[in-house]
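Below are the chains, spelled out letter by letter.
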Amino acid sequence: QLQVVESGGGLVQPGGSLRLSCVASGIRDALHRMNWYRQAPGKSRELVAAITGPTNITHYGDSVRGRFSISRGNAKNSIYLQMNNLKPEDTAVYHCNAVYRSTDNWGQGTQVTVSS
């Protein structure tokens, strides 16, 4: 059974940086695509970044492009989200997502708070 676990959230001042980590475990297959989503209070969930395929094609949401970077880790089915120049509007719960055999798998989420 696939399990997704995120880590790395916290409190940071505006302009600061954080790096989130995600590991999807419990399967032998390499996941084709892994995603980061976020959801702020009172707002709908939005796609932050995605990484796809063996050539690691990346995609970013408009609000984070140029500030965030998604990458794969050395461990199988692991990804990172490097977040730079953080803004208060980046405050949200960040979730890692992996689709495996047509099923969405979600982590429990990690809170990122950007505040002075």
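Read on for a plain summary of the structure. Numbers given to residues run from 1 along each chain, matching the order in which its sequence is written. With pLDDT at 70 or above as the cut-off, local features in this predicted model cover only qualifying residues; side-chain atom pairs require 80 or more to be listed or tallied, and sums for whole chains, interfaces and linings still use all residues. The basis for every side-chain value is the complete set of non-hydrogen atoms in the structure, without hydrogens or water.

**Quick word on the nonpolar core**
Consideration 1: Within this scheme, the nonpolar core is defined by two criteria: the residues are buried Ala, Val, Leu, Ile, Met, Phe, Trp, Tyr or Cys, and they are joined through side-chain atoms within 4.5 Å. Exposed residues in this analysis have more than 50% of their type's maximum accessible area, buried residues have under 20%, and partly exposed residues fall in between, with area computed by a 1.4 Å probe over protein chains only. Ranked by size, the top nonpolar core spans 30 residues in total, and within it Met-34, Trp-36, Leu-81, Met-83 and Tyr-94 carry the most contacts.
Consideration 2: Secondary structure counts use DSSP, requiring at least four H or I residues in a row for a helix and at least two E residues in a row for a strand, with both numbered from the N terminus. Of all the elements, strand 9 (residues 92-100) adds the most residues to this core, at five residues.

**Describing the pattern of salt bridges**
Consideration 1: Salt bridges are counted wherever a side-chain nitrogen of Lys or Arg sits within 4 Å of a carboxyl oxygen of Asp or Glu. Taken as a whole, this structure holds five salt bridges when the rule is applied.
Consideration 2: Across the salt bridge formed by Asp-29 and Arg-101, the nearest N and O atoms sit 3.9 Å from each other. Here Asp-29 is found in the loop between strand 3 (18-25) and strand 4 (33-39), whereas its partner Arg-101 is found in the loop between strand 9 and strand 10 (103-106), with 72 residues between them in sequence.
Consideration 3: Residue Asp-29 is classed as partly exposed on the basis of its relative accessible area of 35%.
Consideration 4: Of the charged contacts in the structure, one is a salt bridge between Arg-38 and Glu-46, with a shortest N-O distance of 2.6 Å.
Consideration 5: A relative accessible area of 5% means that Arg-38 is categorised as buried.

**Section: the state of the cysteines**
Consideration 1: The term disulfide is used for any two cysteine sulfur atoms that are within 2.5 Å. Under the criterion given, the structure shown has one disulfide.
Consideration 2: With a sulfur-sulfur separation of 2.0 Å, Cys-22 is cross-linked through a disulfide to Cys-96. Torsion about the S-S bond of the Cys-22 and Cys-96 cystine: about -80 degrees, corresponding to left-handed handedness. With Cys-22 in strand 3 and Cys-96 in strand 9, the pair connects residues that are 74 residues apart, well separated along the chain. Here the two residues Cys-22 and Cys-96 agree in accessibility, since each one is buried.

**Quick notes on the environment of Lys-43**
Consideration 1: The residue Lys-43 is located in the loop between strand 4 and strand 5 (46-52) in this model.
Consideration 2: A relative accessible area of 55% places Lys-43 in the exposed class.
Consideration 3: As a C-alpha pair, Lys-43 and Gly-73 span 30 residues in sequence and 30 Å in three-dimensional space.

**Focus: unusual backbone geometry**
Consideration 1: Of note in the backbone geometry, Asn-56 takes a positive phi value of approximately 55 degrees without being a glycine.
Consideration 2: With respect to the helices and strands, the residue Asn-56 is situated in the loop between strand 5 and strand 6 (57-60).
Consideration 3: A positive phi angle is found at Arg-101, which is not glycine, with a value near 50 degrees.

**Notes on the environment of Gln-13**
Consideration 1: Along the chain, Gln-13 falls in the loop between strand 2 (10-12) and strand 3.
Consideration 2: Separated by 39 residues in the primary sequence, Gln-13 and Thr-52 have C-alpha atoms spaced 31 Å apart.

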